[in-house]
Amino acid sequence: MTHLTPLPDNRGYYGVFGGAFVPEILHSNVENLENAFKTYAFTDEFNREFRTLLRDYVGRPSPLYRADALCQRYNTNIYLKREDLNHTGAHKINNAIGSAMLAKRMGKHRIIAETGAGQHGVATATVCALMGLECVVYMGATDVERQRPNVERMKMLGAKVVAVHSGNSTLKDATNEAIRDWCCNPADTFYIIGSTVGPHPYPEMVAHFQSVISEEIKVQLLGHTGKETPDAIIACVGGGSNAAGAFYHFISEPDVRLIVAEAAGLGINTNMSAATIKLGSEGIIHGSRTLLMQTDDGQIKEPYSISAGLDYPGVGPLQAHLATVGRTEVIPVTDNEAVAAGYRLTRDEGIIPALESAHALAVLEKIKFDPNQTIVVNLSGRGDKDLANYLSHNPDLK
Ligand SMILES: *Cc1c(COP(=O)(O)O)cnc(C)c1O
């Protein structure tokens, strides 16, 4: 296996994936961003502010919770990394804070973002309110409908939400619009991307800000079990940022199994799926070379998943690389399997997970672990935003 680190090479490549494929007008933006990231993000001054906000504003460290009922159900040792307990309800806030801090240091006062489930939009609108920045959020019209509560939160926070009606009006289309905006306003606008996708340095930068998740898991596991490393970590993958954060400090530890759940929608053979790693082929989307779902002549296929946060035809270059070299195991999970897993966690533990995170939980039904093993599931977010969706599905509970 090659390149078993979470970092890309200095051109932004993870193996054959990554790079920065942007229109001419954005070249200097992407370059300036990389310089700013390298200049500011590793200083003591930056880290002191970042860590203080993560602790006092986000509520970190998020707990690592031993889920006894799940341990019984699956006859192994299961710990949930509770990113659902973060302020605004998901891991997205970690990156939104780090990115907005960078924007301020670059003297940019207008923030744009794209959002699918609305979690990144809410996190960005929240941080903009906190830091006094103007905020515009692009969101597919379909997602505006299915994620109402988050749209209302963004508006209350003072953000302008722009509904996008192109394509099938989901995350891909919102991202296209955000990139278009950035091209028109390269001087005063900072684009906060919500996942480990987009042109270099975004995947590296977002993974860096999310890496606090695995940093904490190490310390917390040592406390729980006397050992820093688990036998396996499970995370769902849309663009790959919560997985990148949960895996970051374990990627170079070959004894830790890294397992990703991707959204199979109605099933990977149905044409109604977002299982990008299983079904995708190499191509370029939103500024980076990665795996994406496309037709033989290179047209992007419309993805489908019940979960707005996983409904994306691409995947970040780090996840594409880790899967391609065999470092991660990729498990497709259908809508029904995810909904059932969400209900199971709710009834077993009294925790309503985001539908995205429910995909990771469903892996426990598919892989049998030994009774003495330690498994960490990254619970990327909470399910308040998904209530209507859960209630309209009849779970197939075993
Ligand atoms: C956005 C989101 C995801 C998917 O994005 P990644 O970048 O793959 O983590 C997963 N879970 C939740 C709760 C989300 O909001």
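Quick caveat: nothing in here was measured; it's all calculated off a predicted structure.

Trainee: Tell me what's going on with the site of the ligand, and back it up with residues and numbers.
Mentor: Of all residues adjacent to the ligand, which total 17 residues, the nearest are K92, S195, G238, S241 and S380. A distance of 2.7 Å is found between an oxygen atom of the ligand and a backbone nitrogen or oxygen belonging to G238. Measuring from a nitrogen atom of the ligand, one finds a side-chain N or O atom of S380 at 2.7 Å.

Trainee: Tell me what's going on with the pairing of strand β14 (residues 374-379), and back it up with residues and numbers.
Mentor: Among the six residues in β14, six count as buried, and that is most of the element. Burial of β14 is two-sided: the residues T374, V376 and N378 facing one way and the residues I375, V377 and L379 facing the other way are all buried. Relative to β14, strand β4 (residues 77-82) runs parallel, the two sharing six bridges. Counted as the bridge partner of R82 is L379 from β14.

Trainee: Requested: an account of the nonpolar core, with residues and values cited.
Mentor: If you look at the biggest cluster of nonpolar residues, it comprises 87 residues, and the most contacted ones within it are I97, L102, M131, M154, Y191, I233 and F247. Tallying contributions element by element places helix α4 (residues 92-105) first for this core, with seven residues. Those residues within four positions of M154 in sequence are excluded, and the remaining contacts are T115, G118, G121, V122, A125, V137, M139, A159 and V161. Y74, C236, I331 and V333 belong to the second largest nonpolar core, which has 36 residues in total.

Trainee: So what's going on with the packing of α4 against helix α5 (residues 119-131)? Residues and values would help.
Mentor: Interaxial distance between α4 and α5 falls to 9 Å at its minimum, and their mutual angle equals 45 degrees. As judged from the angle between their axes, α4 and α5 are oblique. At the point where α4 passes α5, the crossing takes the right-handed sense. Judged by residue contacts, K92, I93, N95, A96, I97, A100, M101 and K104 of α4 engage Q119, H120, A123, T124, T126, V127 and M131 from α5.

Trainee: Summarise unusual backbone geometry; cite the residues concerned and give the values.
Mentor: A cis amide bond links R60 to the next residue, P61, at an omega of 0 degrees. With a phi angle near 60 degrees, S169 is a residue other than glycine that sits in the positive phi range. Relative to the helices and strands, S169 is located in the loop between β7 (160-164) and α8 (171-184). Backbone geometry places N271, a non-glycine residue, at a positive phi of 70 degrees. Position of N271 among the secondary structure elements: in the loop between β10 (257-265) and α12 (276-279). Taking relative accessible area as the criterion, N271 reaches 65% and is therefore assigned exposed.

Definitions and limits used
Residues numbered from 1 in each chain as written. Predicted model: local features only at pLDDT ≥ 70, side-chain atom pairs only at ≥ 80, totals over all residues. Heavy atoms only, no water. Near = heavy atom within 4 Å. Polar contact = N/O pair within 3.5 Å; in protein donor to acceptor, adjacent residues only side chain to side chain. Buried < 20%, exposed > 50% of the residue type's maximum accessible area, 1.4 Å probe, protein only. Helix = DSSP H or I, 4+ residues; strand = E, 2+ residues; numbered from the N terminus. Pairing = 2+ DSSP bridges. Core = buried A, V, L, I, M, F, W, Y, C linked by side-chain atoms within 4.5 Å. Contact = heavy atoms within 4.5 Å. Axes fitted to C-alpha atoms, helices over the stretch in contact; angles between N-to-C directions. Parallel < 35°, antiparallel > 145°, perpendicular 65-115°, else oblique. Left-handed = near helix turned anticlockwise from the far one by under 90°.

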